[in-house]
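# Overview (structure and organization)
Spelled out from the first residue to the last, the chains are:
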Amino acid sequence: MFGNTFGRCFRVTTFGESHGPALGLVIDGCPAGLLLSESDIQPELDKRRPGQSELTTKRSEADRVEILSGVFEGRTTGMPIAMIVRNKDVDSSSYDAIKDLIRPGHADLGYMEKFGFRDHRGGGRSSGRETVCRVAAGAVAKKLLDMKGIRVYAHVTSIYDVIATDMGLDDVINNTYTNPVRCADLSAAKKMEEAIIAAKSEGDSLGGTVEAIALGVPAGLGAPVFGKLDADLASALMGIGAVKGVEIGLGFESARLRGSVMNDEYYLDEGVIKTRTNYAGGIVGGISSGMPVVCTVAVKPTPSVSKPQNTVNIVTKKESVIEIKGRHDPSIVPRIVPVVESMISLVLVDHMIMSGRIGPDRV
Ligand SMILES: Cc1cc2nc3c(=O)[nH]c(=O)nc-3n(C[C@H](O)[C@H](O)[C@H](O)COP(=O)(O)O)c2cc1C
Ligand SMILES: C=C(O[C@@H]1CC(C(=O)O)=C[C@@H](OP(=O)(O)O)[C@H]1O)C(=O)O
């Protein structure tokens, strides 16, 4: 079945369900010789794991990663790297009451139409829990990119109507993971936190935006027609649950500008061609320009809310009302930040290997 594998050269297959015994992944195409242990992966999983604050689902998972293969004497072997994370705090009981009701905004109906059955215990493969696998794979990608001087940072820029001020790179690097909102503007982070808690107390949820920047990306990544770098990034980011929009550079704002304003004009810096602005977000013609790659994603509010909502009972075929109890993120936005970093890292490492900048066999 296609749909569970990412990538062309650095391929990642994920498996497992949110309410099964474990989730896991296999990376095929990681070059040999990379120093790798669980301690490289765990800190990234710790940024994403649930149950860390009032702003997240109460499901309490340690998300301890185990490497099962592909590493010998502390280095990757070039063979498939398999990892698992065991589910420790599964509680399917809250789903019993909504067994026959499809949740508005969640994947229930689509999965049922496609596969012809309904596993009512949580979201299964459509659960945000699956992103634990993407973050584990992203940690390996980040290590490979780091060796080439490429770093990827994401941070929350808005939650509903609270907007962070433009942050400098140092603030993004130093502040983002110091607060539960994952926002580099600390005073906006406080207001965002209050907004999420207020929505939660009303049985509701909030969305927002996350910006990401990749530094050190060399010019020349991406293909001119198919496999454009911006198209691959959009696909990878849109493939994260709850992401409803992706912008590269100025994105939708560019539709309101004139060409003379939007164009990043060139100049010579001691013989090197550069641009002073970066409205294109570091990609022109599907190929990286050497400027930082900048993307923004729009994240919808969590679909599972406890406010009553209209739906349909799939057994009685009658209209009904659903009230979702259980453990849910009142906003997905803070928890998606490391997932965004991971998906961008996976796309970049794939292109680095594809273009020969990282050797396919050994680092
Ligand atoms: C990190 C993360 C956490 C999520 N947490 C929840 C949650 O607690 N409850 C929920 O209903 N949806 C949650 N979602 C969103 C659903 O998984 C997603 O909305 C669903 O799969 C439908 O996909 P779509 O929104 O992309 O159409 C989460 C998503 C991510 C990425
Ligand atoms: C467990 C995680 O988030 C889950 C994402 C999720 C969903 O529907 O996406 C629903 C909730 O899970 P459950 O199925 O246990 O009710 C969240 O707790 C996680 O991200 O690790």
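Residues numbered from 1 in each chain as written. Chains lettered and ligands numbered in written order. Predicted model: local features only at pLDDT ≥ 70, side-chain atom pairs only at ≥ 80, totals over all residues.

As recorded in an unreviewed UniProt entry, the protein goes by Chorismate synthase and comes from Methanooceanicella nereidis. Quoted verbatim from the Pathway (unreviewed entry) field of UniProt, the annotation for the protein is "Metabolic intermediate biosynthesis; chorismate biosynthesis; chorismate from D-erythrose 4-phosphate and phosphoenolpyruvate: step 7/7." The record in UniProt for the protein states the following under Catalytic activity (unreviewed entry): "5-O-(1-carboxyvinyl)-3-phosphoshikimate = chorismate + phosphate". (UniProt positions renumbered as here; feature names shortened; annotations may be inferred.)

Further remarks concern the overall build of the protein. Along the backbone of the protein there are eight helices and 18 strands. For 363 residues, the compact-globule estimate of 2.2 N^0.38 gives 21 Å, and the C-alpha radius of gyration of the protein, at 21 Å, lies within 12% of that figure. Considering only C-alpha atoms, the protein reaches an extent of 70 × 50 × 40 Å along its principal axes. When burial is assessed residue by residue, the protein has 42% of its 363 residues classed as buried. Here the analysis covers contacts within the protein between residues at least 6 apart in sequence; of these, 72% occur between residues at least 24 apart. (Helix = DSSP H or I, 4+ residues; strand = E, 2+ residues; numbered from the N terminus. Rg over C-alpha atoms; globule rule 2.2 N^0.38 Å. Buried ≥ 20, exposed ≤ 12 C-beta atoms within 10 Å, placed from the backbone. Contact = placed C-beta atoms within 7 Å.)

Taken in spatial order, the five strands make up an open sheet running 1-2-3-7-4, and their pairing is antiparallel. Each edge of the sheet is formed by a strand with only one pairing partner; in this case those strands are strand 1 (5-6) and strand 4 (65-69). Across six bridges, the pairing between strand 2 (residues 11-16) and strand 3 (residues 22-28) is antiparallel. Paired with T14 across the bridge in strand 3 is L25. (Pairing = 2+ DSSP bridges.)

Our focus in this paragraph is the site of ligand 2. Close to ligand 2 lie 14 residues, the nearest being T57, G122, G123, G128 and R129. Residues belonging to the shell around ligand 2 are distributed by class as follows: two nonpolar, eight polar and four charged. (Near = placed C-beta within 6 Å. Nonpolar A, V, L, I, M, F, W, Y, C, P; charged D, E, K, R; others polar.)

In most cases, non-glycine residues show a negative phi, while peptide bonds are predominantly trans. Even without glycine at this site, D63 takes up a positive phi of about 50°. Turning to its location among the elements, D63 is positioned in the loop between helix 1 (38-48) and strand 4. Notably, E270 is not glycine yet its phi reads approximately 50°, a positive angle.

We now examine the nonpolar core. Grouped together as the largest cluster of nonpolar side chains are 81 residues, with contacts concentrated most on A136 and V340. The greatest single-element share of this core, amounting to 13 residues, is contributed by helix 8 (residues 333-354). Excluding residues within four positions of it along the chain, A136 makes contact with L25, I41, L45, V65 and M83. Formed by six residues, the second largest nonpolar core is a distinct cluster that contains I102, V305, I322 and I324. (Core = buried A, V, L, I, M, F, W, Y, C linked by C-beta atoms within 7 Å.)

The next point concerns the UniProt feature "binding site: NADP(+)" (unreviewed entry) in the protein. Residues annotated by UniProt as "binding site: NADP(+)" (unreviewed entry) correspond here to R48. Structurally, R48 is set in helix 1. Looking at R48, the number of C-beta atoms within 10 Å reads 26, which means it is buried. Apart from residues no more than four positions distant in its own chain, R48 is found in contact with T131, V132, V135, R335, P338 and V339.

Look at the UniProt record and you will see "binding site: FMN" (unreviewed entry) annotated at R125, S126, S127, G285, K300, P301, T302, P303, S304 and R327. On the basis of their most widely separated C-alpha atoms, the annotated residues across 203 residues do not gather in one place, lying as much as 43.9 Å apart. The topology assignment puts G285 in the loop between strand 14 (283-284) and strand 15 (287-288). For G285, a count of 14 C-beta atoms within 10 Å puts it in the partly exposed group. Residue placement: S304 occurs in the loop between strand 16 (293-299) and strand 17 (309-312). Excluding anything up to four places from it in sequence, S304 contacts R103, H106, I324, G326 and H328.

Bringing the environment of L55 into the picture now. As for its position among the elements, L55 is in the loop between helix 1 and strand 4. Between the alpha carbons of L55 and A231 there is a distance of 32 Å; along the sequence they are 176 residues apart.

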